[in-house]
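The residues making up each chain are set out below.
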Amino acid sequence: MRKFSLVEFSVNHPKLIVLLAIILTLAFATQFPKMKTDTNPKNMLPKTSDVRVWNDEVEKTFGLYEDMIVLGIVNEKGILNKETLGKIQKITGEILKLKGVAARDVASFTTIDNVTVEGETLRVAPLMTEVPKTNKELESMWKTLFENPLFINRIISKDGKTTAIYVPLEKGANGKEVADKIREIVRKIVRKEKGDEKYFVAGDPVARDTFGAEMFKLMGIFSPIAGMIMFIAIYLMFRNLSLAVSMMMVAMISIIWSMGLLIGLGFPIHIMSSMSPVFLMAIATDSIHIFNEFYFRYGERKDKRVAILETMQAVGRPVRYTALATAAGFAVLMFMHIIPVKVFGGLVAFGTIVLRLLSFSFIPAILTFISEEKIERASAREDIGLSRTTRFLRNLGSFGAHKPKATVFVGLVLFIFAVIGTTKIVVNNNMVEWFKKNSEVRTADRVMNRALGGTSLAYVVAISNKDDFIKTPEAMRYIEGLQRHLEKLPVVGKTTSIADYVKRINRVLHADDPKYDVVPETREMIGQYIFLFSMSAKPSDLDNVVDYPFRRANIWVQLKTWDAQAMRDVIKAVDEYKKAHPIPLEFKPAGIAYFNLVWNDAVLWDMLRGFIIAMIVVFVILAFNFRSIKWAIVGYIPLLFTILLIYGVVGFIGKDFELPISVLSCLSLGMAVDFAIHFISRFKQRLAEMEGKESITDALLWTAARPGKGIMRNAVLFAAAFSVMMFAPLTPYITVGAFIVSMMMLSAIMTIIYLPALITLMQGWLFKGGLK
């Protein structure tokens, strides 16, 4: 019984294949209306992860909000004037009305609690109930602000030129939508009352949700543009409109199937999966090897059907194994801890399998529809002796084949350079820096961090195993000492704790005498002060810094950067202080800044683990494809060299290793190995076909010129698809675009130069016992 051939079936029933592809594509497309996005960094890790469970517990214990927007107001002439304070009052009033805002806990001049004394009674009331009308009232407000450490660097800058309105968000509120409404409030007030003020909206939810909106927009813009660039490039390569259309159809089918499956399974679109259409479009370019060989074959056979079947026979094995290597490179990501990376890996692995299925069915079917007259014209330009491209590639391969020692020596020098560069790499995921330097989000963050305590918030939780221990003078003084120690760090702008409230109450109850700005001497006095404060203050004032068995205290730490290293410095400083000053208290970090550190480290270890797994998997695929460990080693060297060289450059230029770059360490192995598989498979195939009539050097030069043309075309198309991302407004997209463009072009060149050099140098070992 004759073995079933998908290629032959597709050539014999092309209309059926095309119809089935259209029906399945429409079925997957029906899922697109259900699409939703998710850019919340918390969802990078599973809900059951230790950091998420702990952060949720801290938020519940201290009544904290997950998200906070900061509206900065800057007046170089000073904030404390009637006009500016009037605008602050109006803006705050409008913000309190916004849906999604936790109005009860908005902190502004008009809402923040100020602790004073009336007679002998403790009074807690908003700092500014009405706008000061006289210079005396303004002077009084100035005195109140700058004599209260709780306000300085939080709600007023030391120079008096900047203030902030802190806007906590209800759970589920969209940060970008609230931020846009705040900006609209500001615009309306500024239109009516012009002045010298400048306004800046900052905070993690602003960066996160703005990034999500931009990400969704870019996904819709860049995929069509990348497709258009690829379409033009394919047409210029082959001068055949039908061929260009067919390749684009293959890419679009795989994108629709993959995205439809993702959405249908209920997964949201994350930063990585938003890039998948461009990845799939670029991976589809591997089909260029089929078209490249087809036109050569047609020129030799002058029979379309025979050319299609012989083409698939010649390139079928390398195409299958390059698909397997690419899919494996992406599938490795499914073993990572970062959820968006796992989803992205599965998504693109599925899309790659779809692309290869279409390579053996849809593409052969489509080729049957192209007129032989058009094929004849295109194949005439593919003459291996006449084409300028093939002559260039032959010369490139000749350099490696004829000067193998010099080629390898240059490679060793570059290898040493690359190794040194990789030691300078720093892993850092700072979402604010995912925007361009002069973007609104990044500018606002920079201005606020320079003037006030900082927009990145961390917590250090003090934990005792005894009730009321936090109320002891020992615990209070210890917490105060730890705060002063942390504030010595350049990255820490301000700290706040229960000790600050107790000291403030002690001072105001002693006629505002500065010498009483200290922790009281007895537990009873501290307990009495806290009780008095709780009777008048907003519940959140105390809830945010202490629990009610008084076993736990929460130190707020405002950081001046979102870099993961800042939180690492805080943890180190806490450990150092605890070691130097032992006390029966445990200190644990928490908050969004701590989460960023944890998932930043998860990215690092995922990258290392994924890279090692990918190296093993790719090597096994190479060995299995070539049926030889020796040939697998030879094919492995150029791709590892390429990746190491690019990472070395990343280290030398000081570019932080972000999530997208770290993911590419696995993907690059899967994609770059394609060229080695095509080159070595076709080289060995050529030697077998010529049966000793051609030397190893001549076979290498033929491979560099003919299959090498497909390799170079593949690299150019792949790079063209990703080049569009280099013009994005978001730096991860720019990074991915630059990385892939560099990697594909360098990998193609290294394959054509270094494989001939290595095979020439190692031919005695490789061909020992004959061709295998």
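Heads up: these notes are all about the structure in this document. (Residues numbered from 1 in each chain as written. Predicted model: local features only at pLDDT ≥ 70, side-chain atom pairs only at ≥ 80, totals over all residues. Heavy atoms only, no water.)

Regarding the overall build of the protein chain
Logical step 1: Secondary structure summary: the protein chain contains 30 helices and nine strands in total.
Logical step 2: With the C-alpha coordinates aligned to their principal axes, the bounding extent of the protein chain is approximately 110 × 55 × 50 Å.
Logical step 3: Counting only residues that meet the buried cut, the protein chain has 59% of its 772 residues in that class.
Logical step 4: Nonlocal contacts in the protein chain, meaning residues at least 24 apart in sequence, comprise 80% of its contacts between residues at least 6 apart.
Logical step 5: Only carbon and sulfur atoms are counted for the fraction: they give 61% of the accessible area of the protein chain, which is about 31700 Å². (Helix = DSSP H or I, 4+ residues; strand = E, 2+ residues; numbered from the N terminus. Buried < 20%, exposed > 50% of the residue type's maximum accessible area, 1.4 Å probe, protein only. Contact = heavy atoms within 4.5 Å. Areas by Shrake-Rupley, 256 points an atom, 1.4 Å probe, with all protein chains shown as cover.)

Quick word on the side chain of R686
Logical step 1: One can find R686 in helix α26 (residues 659-690).
Logical step 2: With a relative accessible area of 15%, R686 lands in the buried category.
Logical step 3: At 3.0 Å, the side chain of R686 and the side chain of E694 are in polar contact.
Logical step 4: Among all residues touching R686, those that are not within four sequence positions of it are E694, A699 and W702. (Polar contact = N/O pair within 3.5 Å; in protein donor to acceptor, adjacent residues only side chain to side chain.)

Describing the packing of aromatic side chains
Logical step 1: One pass over the full model with this rule turns up 19 aromatic pairs.
Logical step 2: With a centroid separation of 6.2 Å and an interplanar angle of 45°, the aromatic rings of Y321 and F624 are classed as tilted. Placement of Y321 in helix α12 (residues 304-331) and of F624 in helix α24 (residues 592-626) is noted, with a sequence separation of 303 residues between them.
Logical step 3: You can call Y321 buried: its relative accessible area is 12%.
Logical step 4: Ring geometry for F641 against Y754: centres 5.6 Å apart, planes inclined by 45°, an arrangement best described as tilted. Of this pair, F641 sits in helix α25 (residues 629-653) while Y754 sits in helix α29 (residues 731-761), placing them 113 residues apart in sequence. The same class applies to F641 and to Y754, which are both buried. (Phe/Tyr/Trp six-rings, centres within 6.5 Å; stacked < 30°, edge-to-face > 60°.)

Points about unusual backbone geometry
Logical step 1: With a phi close to 70°, N153 is a non-glycine residue in the positive phi region.
Logical step 2: By the element assignment, N153 lies in the loop between α5 (135-146) and β4 (162-168).
Logical step 3: Note on N153: relative accessible area 13%, which makes it buried.
Logical step 4: The phi dihedral of D512 falls on the positive side, at around 60°, and the residue is not glycine.
Logical step 5: Along the chain, D512 falls in the loop between α20 (498-508) and α21 (523-536).
Logical step 6: Overall, the relative accessible area of 27% leaves D512 in the partly exposed class.

Observations concerning helix α8 (residues 241-264)
Logical step 1: Between its first and last C-alpha, α8 extends 34 Å over 24 residues, near the 34 Å set by a 1.5 Å rise per residue.
Logical step 2: Count one or two residues on from α8 and you reach G266, which has phi positive near 90°. (Expected span 1.5 Å × (residues − 1).)

Focus on the sheet that holds strand β7 (residues 492-496)
Logical step 1: Strand order across the open sheet formed by four strands is β7-β8-β6-β9, with antiparallel pairing between neighbours. The sheet terminates laterally at β7 and β9 (586-590), the two strands that pair on one side only. Ignoring strand direction, the axes of neighbouring strands in this sheet form an average angle of 25°.
Logical step 2: Examined bridge by bridge, strand β6 (residues 456-463) and β9 share five bridges and lie antiparallel to one another. Following the sheet pairing, Y459 is matched in β9 by A590.
Logical step 3: Strands β6, β8 (552-559) and β9 of the sheet are contacted by helix α3 (residues 50-62), whose axis makes an angle of about 110° with β8. (Pairing = 2+ DSSP bridges. Axes fitted to C-alpha atoms, helices over the stretch in contact; angles between N-to-C directions.)

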